[in-house]
Amino acid sequence: MGTARKPHNHWRGYITERRHPSGGHLVIVDANKADLCHRAGKYVVILQMPDGAGYIGPSFTSIPKARVFYKSEIAEPKYDWGNQ
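No experiment lies behind these values; they were computed from the predicted model shown. (Residues numbered from 1 in each chain as written. Predicted model: local features only at pLDDT ≥ 70, side-chain atom pairs only at ≥ 80, totals over all residues. Heavy atoms only, no water.)

Engineer: Whenever I open this one, the pattern of salt bridges confuses me. Can you help?
Structural biologist: Oppositely charged side chains may form a pair once their charged atoms are brought near each other. The full count for this structure, using the stated rule, is three salt bridges. A salt bridge links Lys78 to Glu76, with the nearest nitrogen and oxygen atoms 3.7 Å apart. With relative accessibility at 64%, the residue Lys78 sits in the exposed group. (Salt bridge = Lys/Arg side-chain N within 4 Å of Asp/Glu carboxyl O. Buried < 20%, exposed > 50% of the residue type's maximum accessible area, 1.4 Å probe, protein only.)

Engineer: Help me out: how do you make sense of helix 1 (residues 63–75) in this one?
Structural biologist: The α-helix winds at 3.6 residues per turn, so residues separated by three or four positions along the chain end up facing the same way. Between its first and last C-alpha, helix 1 extends 18 Å over 13 residues, near the 18 Å set by a 1.5 Å rise per residue. Along helix 1, the residues that are buried comprise Ala66, Phe69, Tyr70, Glu73 and Ile74. One side of helix 1 holds all its buried residues, which, seen down the axis, span an arc of 130°. Residues of helix 1 that are exposed and angled more than 90 degrees away from the buried face: Pro64, Val68 and Ala75. Considering only its buried residues, helix 1 is in contact with strand 1 (14–19), strand 2 (25–30), strand 3 (43–48) and strand 4 (54–60). Structurally, the start of helix 1 carries an N-cap: the backbone nitrogen of Lys65 is 3.3 Å from a side-chain oxygen of Ser62. (Helix = DSSP H or I, 4+ residues; strand = E, 2+ residues; numbered from the N terminus. Expected span 1.5 Å × (residues − 1). Arc of directions from axis to C-beta. Contact = heavy atoms within 4.5 Å. Polar contact = N/O pair within 3.5 Å; in protein donor to acceptor, adjacent residues only side chain to side chain.)

Engineer: Would you take a moment to explain the sheet that holds strand 1 for this structure?
Structural biologist: Consider a sheet: its strands pair through backbone hydrogen bonds, and that pairing is either parallel or antiparallel. What the four strands build is an open sheet, ordered 1-2-3-4; its pairing is antiparallel. Strand pairing shows two members of the sheet lacking a second neighbour, strand 1 and strand 4, which therefore form its edges. Shown here is a sheet whose adjacent strand axes are inclined to one another by a mean of 20°, direction ignored. Summarising the sheet, strand 1 and strand 2 pair through five bridges and their orientation is antiparallel. Across the sheet, residue Thr16 finds its bridge partner in strand 2, namely Ile28. Contacts from helix 1 reach strand 1, strand 2, strand 3 and strand 4, with the element oriented near 15° to strand 1. (Pairing = 2+ DSSP bridges. Axes fitted to C-alpha atoms, helices over the stretch in contact; angles between N-to-C directions.)

Engineer: What exactly am I supposed to notice about the nonpolar core here?
Structural biologist: Generally speaking, a soluble globular protein has its nonpolar side chains buried in company with each other. Ranked by size, the top nonpolar core spans twelve residues in total: Leu26, Ile28, Tyr43, Val45, Leu47, Met49, Phe60, Ala66, Phe69, Tyr70, Ile74 and Trp81. Counting only elements with at least two residues in this core, the list comes to strand 2, strand 3 and helix 1. The greatest single-element share of this core, amounting to four residues, is contributed by helix 1. Not counting residues up to four positions away in its chain, the partners in contact with Ile28 are Gly13, Tyr14, Ile15, Thr16, Tyr43, Val44, Val45, Ala66, Arg67 and Tyr70. (Core = buried A, V, L, I, M, F, W, Y, C linked by side-chain atoms within 4.5 Å.)

Engineer: Please explain the packing of aromatic side chains as it appears in this structure.
Structural biologist: Aromatic ring pairs are reported here in terms of the distance separating the ring centres and the angle at which the planes meet. Tallying each qualifying case throughout the model produces four aromatic pairs. Note on Tyr79 and Trp81: the rings are 4.7 Å apart at their centroids and 65° apart in plane angle, and the pair reads as edge-to-face. Overall, Trp81 belongs to the buried group, its relative accessible area being 7%. In textbook terms, an aromatic cluster arises when at least three aromatic residues are bridged by ring pairs, as seen for Phe60, Phe69, Tyr79 and Trp81. (Phe/Tyr/Trp six-rings, centres within 6.5 Å; stacked < 30°, edge-to-face > 60°.)

Rendered as structure tokens:
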């Protein structure tokens, strides 16, 4: 099971996560292992909110590319999570 700092580390395909300024967590997962194979890239960023709502964000072909988005979104949120 997850910890307070990493509550989603039990997810299939879990790679990493950090708190998002909205109050939720941004989680990077391997789309194949998480059964999100319909996504274009192998690595998907997900915003998981405390109330249980989750939003699938962009996908990337490598972990470094996913981390660039992930870090920039945490520093200055710009992505429109509600319209995906």
